[in-house]
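Each chain, letter by letter, is given below.
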Amino acid sequence: MFKRLFSRGLRLRANPAAIPDGQRVYAIGDIHGCDDQLADLLARIDADDQARGGAPALLVFLGDLVDRGPKSAQVVQRLIDLQQTRGNCRFLSGNHEEVFVRALSGDLRTLRFFIRIGGDATLKSYGISEAEYRDADYADLLALAQQRVPPAHLTFIDSFEQIIRIGDYVFVHAGIRPDVALDDQKTSDLRWIREEFLEVDEYGIDGVIIHGHTIFDTVSYGRNRIGIDTGAYAGGPLTALGLENAERWILQTDV
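Residues numbered from 1 in each chain as written. Predicted model: local features only at pLDDT ≥ 70, side-chain atom pairs only at ≥ 80, totals over all residues. Heavy atoms only, no water.

Asker: I tried to follow the side chain of Arg 191 on my own but got confused; where do I start?
Answerer: Positionally, Arg 191 belongs in helix H9 (residues 187–192). Owing to a relative accessible area of 14%, Arg 191 belongs among the buried residues under this scheme. Separated by 3.5 Å, the side chains of Arg 191 and Ser 93 make a polar contact. If near-sequence neighbours (up to four positions away) are discounted, Arg 191 is found in contact with Ser 93, Gly 94, Asn 95, Glu 98, Gln 162, His 173, Ala 174 and His 213. (Helix = DSSP H or I, 4+ residues; strand = E, 2+ residues; numbered from the N terminus. Buried < 20%, exposed > 50% of the residue type's maximum accessible area, 1.4 Å probe, protein only. Polar contact = N/O pair within 3.5 Å; in protein donor to acceptor, adjacent residues only side chain to side chain. Contact = heavy atoms within 4.5 Å.)

And the structure:
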């Protein structure tokens, strides 16, 4: 639905904004279980980062690592490994991470919702077979999931941040509540907000919001925001936004 509603990336004039001197940041949009695209994009980021020189850049993942795509378990493990070997990575919690962790804690009602929003693909990526999935009721499915999902994966996901501020940029998963100070934003809005954020141009804060959560066919530029969820699981590219000083550039996988 939202790909139809927001099918064109808006290209309004953005406010001037900059990353502090000596830093470089790549923000990565919603991955949704697309591990092959993630591997491709990380290789492109590494090549771009090395070509620009200086210290390795900070990678900011905007959330929604899991669900819908076929390899959520592999995405999570890749990023655990990346954090351990490369470092200099930060992770935001998306609404899909919220539901995943809550469902696996034993909440059967949330497990039902998790399945409806693409969690079935996540569970199958953790080795639950089609036959097991088909034959299980929700209680059985919860027991299987708790057996198959490594505790280290849940611990990793549960450690994610809600908001990241770097220079003139604010990184969140979904958006912010307009006219509410950043320190007073509700976690539910940072992870779930949509129309109330997208349908206005001013948010009552200084800075430009970098977000995912809502799919656009192309990178979406508002006056005070940049949306970089380009629907990798739905056949679009996986997108990264590079930032250094006042420069911005886009890296994407092929489609």
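Asker: Is there a simple way to think about the sheet that holds strand S9 (residues 239–244) in this case?
Answerer: Pairing is mixed across the open sheet formed by five strands, whose spatial order is S3-S2-S1-S9-S10. The sheet is open, and its two borders are formed by strand S3 (89–91) and strand S10 (247–252), each paired with just one other strand. Sheet twist, expressed as the average angle between the axes of neighbouring strands with direction ignored, equals 20°. As judged from the three bridges shared by strand S2 (residues 58–61) and S3, these two strands associate in the parallel manner. What sits directly across from Leu 59, in S3, is Cys 89. Lying on the sheet, helix H2 (residues 35–52) is in contact with strand S1 (24–28), S2, S9 and S10; it crosses S10 at an angle near 145°. Strand contacts of helix H3 (residues 72–85): S2 and S3, with the helix running at about 140° to S3, the strand carrying the most contacts. (Pairing = 2+ DSSP bridges. Axes fitted to C-alpha atoms, helices over the stretch in contact; angles between N-to-C directions.)

Asker: What am I meant to see in the packing of aromatic side chains here?
Answerer: For any pair of aromatic rings, the description rests on two quantities: the centre-to-centre distance and the angle between the ring planes. In total, this model carries 10 aromatic pairs according to the counting rule given. Ring geometry for Tyr 26 versus Trp 249: centroids 5.9 Å apart, planes at 90°, classification edge-to-face. Taken together, the residues Tyr 26 in strand S1 and Trp 249 in strand S10 connect sequence positions 223 residues apart. For Tyr 26, a relative accessible area of 0% gives the class buried. Looking at Trp 249, the relative accessible area reads 9%, which means it is buried. Taken together, the ring pairs in this structure connect Phe 61, Phe 91, Phe 156 and Phe 160 into an aromatic cluster. Sitting over the ring of Trp 249, Arg 52 keeps its end group 3.5 Å from the ring centre. Lying across the ring of Tyr 133, Lys 124 places its NZ or CZ 4.5 Å from the centre. (Phe/Tyr/Trp six-rings, centres within 6.5 Å; stacked < 30°, edge-to-face > 60°. Lys NZ or Arg CZ within 6 Å of the ring centre and 35° of its normal.)

Asker: How should the pairing of S2 be read in this particular structure?
Answerer: Sheet faces and side chains relate simply in a regular strand, where the side chains alternate between the two faces. Side-chain alternation along S2 places Leu 58 and Val 60 on one buried face and Leu 59 and Phe 61 on a second face that is also buried. Note: S1 against S2, four bridges, orientation parallel. The residue bridging Ala 27 from the neighbouring strand is Val 60, located in S2. Once you follow S1 into H2 and on to S2, the crossover reads as right-handed. Once the chain exits S2 it traverses H3 before rejoining the sheet at S3, and the crossover so formed is right-handed. (Right-handed = clockwise from strand over helix to strand, strands pointing away.)

Asker: Got a minute to help me understand helix H4 (residues 95–104) in this structure?
Answerer: Side chains of residues three or four places apart in an α-helix project in the same direction, reflecting 3.6 residues per turn. Within H4, eight of the 10 residues are buried, which leaves the element mostly enclosed by the surrounding structure. All of the buried residues in H4 are Asn 95, His 96, Glu 97, Glu 98, Val 99, Phe 100, Ala 103 and Leu 104. Where H4 is buried, its residues contact helix H5 (108–125), helix H7 (138–148), helix H8 (151–158) and H9. Immediately beyond the C-terminal end of H4, within one or two residues, lies Gly 106, with a positive phi of roughly 120°.

Asker: Just checking my understanding: could you explain the pairing of strand S6 (residues 208–211) for this structure?
Answerer: Neither face of S6 is exposed, since Val 208 and Ile 210 on one face and Ile 209 and His 211 on the opposite face are all buried. Both strand S5 (residues 169–171) and S6 contribute to a ladder of three bridges, which runs parallel. Looking at the pairing, Tyr 169 lines up with Val 208 of S6. As paired elements, S6 and strand S8 (residues 225–227) share three bridges and run parallel to each other. Residue pairing across strands places Ile 210 opposite Ile 226, the latter belonging to S8.

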